[in-house]
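Descriptive analysis of the structure
One-letter residues, chain by chain:
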Amino acid sequence: MSDLPRKAITRTAKLAALPLGFAGRATWGLGKRIGGRPAEIVAREVQQRTAEQMFKVLGELKGGAMKLGQAMSVFESALPEEIARPYRAALTKLQEAAPPMPTRTVHTALEQRLGPEWRELFSEFDDKPAAAASIGQVHRAVWHDGRTVAVKVQYPGAGEALLSDLNQLSRFARVLGPLVPGLDIKPLIAELRDRVSEELDYELEAEAQRIHAEEYADDPDVLVPRVVHHSDQVLITEWMEGIPLSEVIADGTPEQRDRAGQLLARFLFSGAHRTGLLHADPHPGNFRLLTGDAPEGPAEKWKLGVLDFGSMDRLPGGLPEPVGIALRMALEGDAQGVYELMRGEGFVKPTIELDPDALLDFLLPMLEPAQVDEFTFERQWLRRQAARVADRRSPVYELGNQLNLPPSYLLIHRVCLSTIGVLCQLGAEVRLRNELEDWVPGFAEQYQDEADEAEEATEAEPEAEAEGADGAAAEVVETVEVVEAVEAVKAVKKAPEKKAEASA
């Protein structure tokens, strides 16, 4: 591949090959079954070939096609194992790698963005890409001041390709459904398309990364590389070593999985609270587990490294308080309160009437991770949830279809679902409730009230003691004053007697 394919007709033909190829393989599989081969073996071969073609096409095209592949990859945990297995390896590859851009193209882009003397900015520059993503690839280099840096270069024509891909993919959304059963692809594509301009603007990404790097500069749990230099299509940041989260998912120890999962949840919820920005692209390729000088542990010394701040949701007040309040009321069993709040926020349209108890029954199984002190996220648990809401014969399915997702919650919803998907891929044991209490406004209200009452009681005790001490002191002073007054009166009465005795 000499360059990012940019001609719309070429890209459209490649994208069209996905659903057509799927249909063709299904026909081929039917023929094999008629020929006597076992249906299970044939189905597995069809799924494997589909997965391989998906990776080949989405990976080669990069742009919006690869962006969709990355977004889809975090949902594989929800698929039945017999369907998920063939896709897992292919989709995971999209999180970390893609066919590289030619060296000549990279050099031309750097010359255009950094100037003809761009090489003087670096002591070293590795032409072999260290990583590739949907709209750019990363090279390792040494900045002129000696710092090891990551140089992200945007693919030429990435903007045009991104929009073209997503427009074409939206046309094929219904046909692409069988590639990941149970995932509604059309709104996912629409949401990705809405964020195109932000992801293409490296200056905007640099600003978001600076904000996070400053906020987490001294954080014991999260590390964000500092921005070194940037232009509109080149972003240079400090280099960050670490174990890619995709490797932790594939081969990590239980300690690595649990620590990575806990820190991922912590970053998701704390980031919006601390920076007013929500990292909106939580696929494993954007995170590293940093073991530093303690590779054997203890796990408390390991950090989460965070990359790629191109897709952000701006939340100046942090996560919306109604989210926390609704979660708390649901866990308390307040069906009517949850219903009224969700109606007020637009999750239930004015024309729809729902049974509050049925709504609570719909929500509670999905809130199980917040009901306990520690929860082990597993693929089996997520599959049960996906099957429960996707069963067309179930009342749960009908109720779910009556709910509405307000635009202001769309990205928050996708980020939370994606993060849960990654946690299930990790199989991590996570204290999610702790993170909700610490960072989500409204969730810990009852706990805060109890804490405030305890604090007030603690403060009242010394005050009461002080008041008691002051009262006792006042009584002593008052007693002394009375005694002194009585003695003074006695002295006055005795004065004439003493005077007469003296005269005699």
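Since the model is a prediction, treat every value here as computed from it, not as a measurement. Counting restarts for each chain, with residues numbered from 1 along the sequence as it is written. This being a predicted model, a pLDDT of at least 70 is required before a residue's local features are given, and a value of 80 or more before pairs of side-chain atoms are given or counted; all residues contribute to the totals for chains, interfaces and linings. As a convention, hydrogens and water are excluded, and side-chain values are obtained from all of the structure's heavy atoms.

Quick notes on the overall build of the protein
- Here a helix means four or more residues in a row that DSSP labels H or I, a strand means two or more in a row labelled E, and each is numbered from the N terminus. Counting secondary structure elements, the protein contains 21 helices and 14 strands.
- Looking at the protein as a whole, 47% of its 504 residues are labelled buried.
- Summarising the internal contacts of the protein: among those between residues at least 6 apart in sequence, 71% fall at separations of at least 24.
- When the accessible surface of the protein is summed, it comes to about 24700 Å², and 53% of that surface belongs to carbon and sulfur atoms. Each residue's exposure class comes from its accessible area (1.4 Å probe, protein chains only) as a fraction of the maximum for that residue type: buried when under 20%, exposed when over 50%, partly exposed otherwise. Residue contacts are defined here by distance: any two heavy atoms, one from each residue, within 4.5 Å place the two residues in contact. Here the Shrake-Rupley method, with its probe set to 1.4 Å, supplies the accessible areas, and only the displayed protein chains count as covering residues.

Quick notes on the packing of helix 15 (residues 356-363) against helix 18 (residues 395-402)
- To get an axis, fit a line to the C-alpha atoms, keeping to the stretch in contact for a helix; angles then go from 0 to 180 degrees between the N-to-C directions. Where helix 15 contacts helix 18, the two axes come as close as 10 Å, and the packing angle between them is 100°. With respect to helix 18, the element helix 15 is oriented roughly perpendicular. Contacts between helix 15 and helix 18 pair Ala-358, Leu-359 and Phe-362 from the former with Val-396, Leu-399 and Gly-400 from the latter.
- In the contact of helix 15 with helix 18, the residues fall into five nonpolar, one polar and no charged. For classification, angles of less than 35 degrees are called roughly parallel, those exceeding 145 degrees roughly antiparallel, those between 65 and 115 degrees roughly perpendicular, and all remaining angles oblique. Each residue is assigned to one class: nonpolar for Ala, Val, Leu, Ile, Met, Phe, Trp, Tyr, Cys and Pro, charged for Asp, Glu, Lys and Arg, and polar for all the others, Gly among them.

Observations regarding the nonpolar core
- In this description, a nonpolar core means a group of buried Ala, Val, Leu, Ile, Met, Phe, Trp, Tyr and Cys residues linked to one another through side-chain atoms lying within 4.5 Å. If you look at the biggest cluster of nonpolar residues, it comprises 69 residues, and the most contacted ones within it are Phe-267, Val-306, Phe-377 and Leu-436.
- Those residues in contact with Val-306 that sit more than four places away from it in its chain are Val-222, Leu-223, Val-224, Pro-225, Met-240, Phe-267, His-279, Asn-286 and Phe-287.

Looking at empty space enclosed by the protein
- Detection works on a 1 Å grid of protein atoms alone, calling trapped sets that fit a 1.4 Å probe cavities and calling open sets with protein on both sides within 12 Å along at least five of seven lines pockets, with lining residues defined by an atom within 4 Å of a point. Grid points are joined across faces, edges and corners, and a volume is the space filled by probe spheres set on the points. Inspection of every chain in the model, using the stated rule, returns three cavities of 30 Å³ or more.
- Counting residues per element, the lining of the second largest cavity draws most heavily on helix 12 (residues 254-275), at three residues.
- Of the residues that constitute the lining of the second largest cavity, the class distribution is five nonpolar, two polar and no charged.

Some remarks on the packing of aromatic side chains
- Any two of the Phe, Tyr and Trp rings considered here, Trp counted by its six-membered ring, make a pair once their centres fall within 6.5 Å; the pair's planes then place it as stacked at under 30 degrees, edge-to-face at over 60, or tilted in between. Under the definition given, this model contains ten aromatic pairs.
- A centroid spacing of 6.2 Å and a plane angle of 70° characterise the contact between Trp-118 and Phe-122, whose relative ring orientation is edge-to-face. Assigned by exposure class, Trp-118 and Phe-122 land together as buried.
- Members of the aromatic cluster, connected to one another through ring pairs, are Trp-118, Phe-122, Phe-125 and Trp-143.
- By definition here, charges over rings are those cases where NZ of Lys or CZ of Arg is within 6 Å of the ring centre and within 35 degrees of the ring normal. In this structure, Arg-388 is placed above the aromatic ring of Phe-362, and the distance from its NZ or CZ to the ring centre is 5.8 Å.

Things to note about the pairing of strand 4 (residues 148-154)
- Across the seven residues of strand 4, six count as buried, placing the element largely inside the fold.
- Pairing analysis gives seven bridges linking strand 3 (residues 136-143) to strand 4, with the strands arranged antiparallel. When the bridges of strand 4 are listed, Gly-136 appears paired with Gln-154.
- Any two strands with at least two DSSP bridges between them are considered paired. Here strand 4 runs beside strand 7 (residues 234-238); their pairing, made up of five bridges, is antiparallel. Counterpart to Lys-152 in the pairing with strand 7 is Leu-235.

So, helix 15
- Taken residue by residue, helix 15 has Pro-356, Leu-359, Leu-360, Phe-362 and Leu-363 as its buried positions. Axial view of helix 15: buried residues confined to an arc of 155°, hence all on one face. Taking the helix axis as origin, the arc is that swept by the directions to the C-beta atoms.

A few points about the confidence of the model for the protein
- For every residue, the pLDDT score states the predictor's confidence, bounded by 0 at the bottom and 100 at the top. Of all residues in the protein, 63% have pLDDT values of 70 or greater, and the mean over the chain is 77.
- Predicted confidence is poor over residues 472-483, with pLDDT under 50, and the contacts of this stretch with residues over four places away or in other chains come to zero contacts.
- Taken together, the stretch residues 488-504 has pLDDT below 50 and engages in zero contacts with residues farther than four places along the chain or on a different chain.

Some details on the pattern of salt bridges
- Salt bridge, as applied in this entry: a Lys or Arg side-chain nitrogen positioned within 4 Å of an Asp or Glu carboxyl oxygen. Using the criterion set out here, one finds 17 salt bridges in the structure.
- Its salt-bridge partner being Glu-238, residue Arg-147 comes within 3.5 Å of it at the nearest N-O pair. Of this pair, Arg-147 sits in the loop between strand 3 and strand 4 while Glu-238 sits in strand 7, placing them 91 residues apart in sequence.
- A relative accessible area of 24% means that Glu-238 is categorised as partly exposed.

Observations regarding unusual backbone geometry
- In this chain, Gly-297 is followed by Pro-298 through a cis amide linkage whose omega measures 10°.
- Within the fold, Pro-298 resides in the loop between strand 10 (287-290) and strand 11 (303-306).
- One non-glycine residue with positive phi stands out, namely Asp-308, at about 60°.
- With respect to the element layout, Asp-308 can be found in the loop between strand 11 and strand 12 (312-314).

What about the sheet that holds strand 8 (residues 243-244)?
- An order of 5-11-10-8 is seen for the four strands of this open sheet, with the pairing classed as mixed. Taken across any chain shown, the strands that pair with only one partner, and hence form the sheet edges, are strand 5 (222-223) and strand 8.

Some thoughts on the environment of Leu-163
- When you line up the elements, Leu-163 lands in helix 6 (residues 158-171).
- Here Leu-163 falls in the partly exposed class, since its relative accessible area comes to 38%.
- Through-space distance from the C-alpha of Leu-163 to that of Asp-194 is 9.6 Å; in sequence the pair is 31 residues apart.
- Beyond its immediate sequence surroundings of up to four residues, Leu-163 is in contact with Arg-193 and Val-196.

Observations regarding the environment of Pro-225
- Mapped onto the elements, Pro-225 comes out in the loop between strand 5 and strand 6 (227-230).
- A relative accessible area of 4% means that Pro-225 is categorised as buried.
- Here the alpha-carbon distance between Pro-225 and Trp-239, two residues 14 residues apart in the chain, equals 6.9 Å.
- Apart from residues no more than four positions distant in its own chain, Pro-225 is found in contact with Gln-209, Ala-213, Thr-237, Glu-238, Met-240, Val-306 and Leu-307.

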